[in-house]
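Tertiary structure, described
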Amino acid sequence: MKKKLLYFLAVAMTAVMLSACGKDTSEKTEGSEAAGTENADAGEEKTDTDVQTDWTALKDMDVENRVTLNEYTSMAVTLQGPSVSEEEVDAYIASAVGALGGKEGAAIMDRAVEKGDTVNINYVGTVDGVAFEGGTDDSEAGTDLKIGAGGFVPGFEDGIIGVMPGETVDVDVTFPEDYHEELAGKDAVFAITVNGIAPSELTEELVPFLNDELTTIEEYRKFVYDSLMENKQAEFDYYYDNQVEDAMISTLIAECTYTDVPEELVERYYTNIVNNLTTTANMYGVDLETYGSVVYGMTEYADFEEMMKSWAEQSAKQAIAFQAIANKEDLNINDEKLDEELESSVASYGLASVDEFLNGGSKEEYREYLMFENVINFLKESVQVTVE
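Now for a description of the structure that goes with this document. This structure is a prediction, so every number in the text was calculated from the model and none was measured.

1. Notes on the overall build of the protein chain
On a plain count of helices and strands, the protein chain comes out with twelve helices and eleven strands. Across the 388 residues that make up the protein chain, the buried fraction comes to 40%. In the protein chain, once contacts between residues fewer than 6 apart in sequence are set aside, the share between residues at least 24 apart is 71%. In the structure as shown, the protein chain presents an accessible area of about 21500 Å², 46% of it carried by carbon and sulfur atoms.

2. A word on the nonpolar core
By size, the foremost hydrophobic cluster in this structure holds 59 residues, and its most contacted members are Leu252, Met308, Phe322 and Leu379. Among the secondary structure elements, those contributing two or more residues to this core are strand S4 (76-79), helix H6 (240-255), helix H7 (263-283), helix H8 (288-296), helix H9 (301-329), helix H10 (335-349), helix H11 (354-358) and helix H12 (363-380). When residues in this core are grouped by element, the largest group, twelve residues, is from H9. Not counting residues up to four positions away in its chain, the partners in contact with Met308 are Tyr270, Ile273, Val274, Leu277, Leu288 and Tyr301.

3. Quick look at the pattern of salt bridges
Tallied over the entire structure, the rule returns 16 salt bridges. Of the charged contacts in the structure, one is a salt bridge between Asp60 and Lys59, with a shortest N-O distance of 3.4 Å. The exposure class of Asp60 is exposed, given its relative accessible area of 52%. A relative accessible area of 38% places Lys59 in the partly exposed class. With a closest N to O distance of 2.3 Å, Arg268 and Glu368 form a salt bridge. Residue Arg268 is located in helix H7, and its partner Glu368 is located in helix H12; the two are separated by 100 residues in the primary sequence. You can call Arg268 buried: its relative accessible area is 8%.

4. Structural notes on the packing of H9 against H12
Here H9 crosses H12 at 75°, and the two axes come no closer than 10 Å. Judged by the inter-axis angle, H9 sits roughly perpendicular to H12. Residues Gln318, Ala319, Phe322, Gln323, Ile325, Ala326 and Glu329 of H9 form the contact with H12, whose participating residues are Met371, Phe372, Val375, Ile376, Phe378 and Leu379. Counted by class, the contact of H9 with H12 contains ten nonpolar, two polar and one charged residues.

Definitions and limits used
- Residues numbered from 1 in each chain as written.
- Predicted model: local features only at pLDDT ≥ 70, side-chain atom pairs only at ≥ 80, totals over all residues.
- Heavy atoms only, no water.
- Helix = DSSP H or I, 4+ residues; strand = E, 2+ residues; numbered from the N terminus.
- Buried < 20%, exposed > 50% of the residue type's maximum accessible area, 1.4 Å probe, protein only.
- Contact = heavy atoms within 4.5 Å.
- Areas by Shrake-Rupley, 256 points an atom, 1.4 Å probe, with all protein chains shown as cover.
- Core = buried A, V, L, I, M, F, W, Y, C linked by side-chain atoms within 4.5 Å.
- Salt bridge = Lys/Arg side-chain N within 4 Å of Asp/Glu carboxyl O.
- Axes fitted to C-alpha atoms, helices over the stretch in contact; angles between N-to-C directions.
- Parallel < 35°, antiparallel > 145°, perpendicular 65-115°, else oblique.
- Nonpolar A, V, L, I, M, F, W, Y, C, P; charged D, E, K, R; others polar.

So this is what it looks like as structure tokens:
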């Protein structure tokens, strides 16, 4: 999942579309029940596309009295172009040199392993004399390990200290109680072979081991700089449109003046955000609180909730401004166009019906999604982009 800063309505509808392939549409969601999916007068159940939503559609809001638009046809945005710092070059070189512990002629072989060294090793782990899955590396490339970094089970790295390159040592360890179930709390023995110790810094003698076409440190640093810049430029170019959209939307929101942002709209987007992120979290086998901690660095769930509420407020402002622009520039989606787009999507996904495509969503949500696309494309035609 990379992200568009404030494009949560589009994200919400994308989730609806992607889930359409696997969910039983005969099941009612809580939202559809709240909206009232049954026609009491006729005694017939309405289809999803006929559901009357329990929220006010953007097209029915008096958005012109809620926002004063900026000069949206002459917006200017600035993007930060790719750059490579000396620190990034140093980090790349340190990593490359750290991988020379298994390279004959480059590795240090005449002293014992010390704490802080990066070593190249092979190992075989056993429990009660039986090798266990994931506990062996007997590959030619070996494993590079920084001693003291805590990358392996406690006791593993300490057991290598004092070992000479070329030697094999048996190291006794006990897996932590919170390790995965098969090994939690168990005693194990690792037979570890130290293949070599990586040099601690780059010298000109080491340059040919890193690039056999170069001979000096200066040449190698330039090679690293150029490689990093090429990768960053490619990434910048790949995400250019997304960056322009993000900057354009942020500028639009910042330059518009809002007199009223309906709480109903904010709550609607907050619910969408929570539901979508919960679905994403469940795909990774975690709950929303854990997902917020791992992906967004929010150690307190209350802080994560505040972040999501802030996103919802920004999304509501975006939606109001977009609807006002759509009204002014004739970018709204009429019923005929909506039905045409829905039928096209149904055919593209190979589904049986519009109901199956919407999968519990509503036509109005999809209408707004299409309107958002229209406004984005309209704004991109006139925005002035500067890359610094």
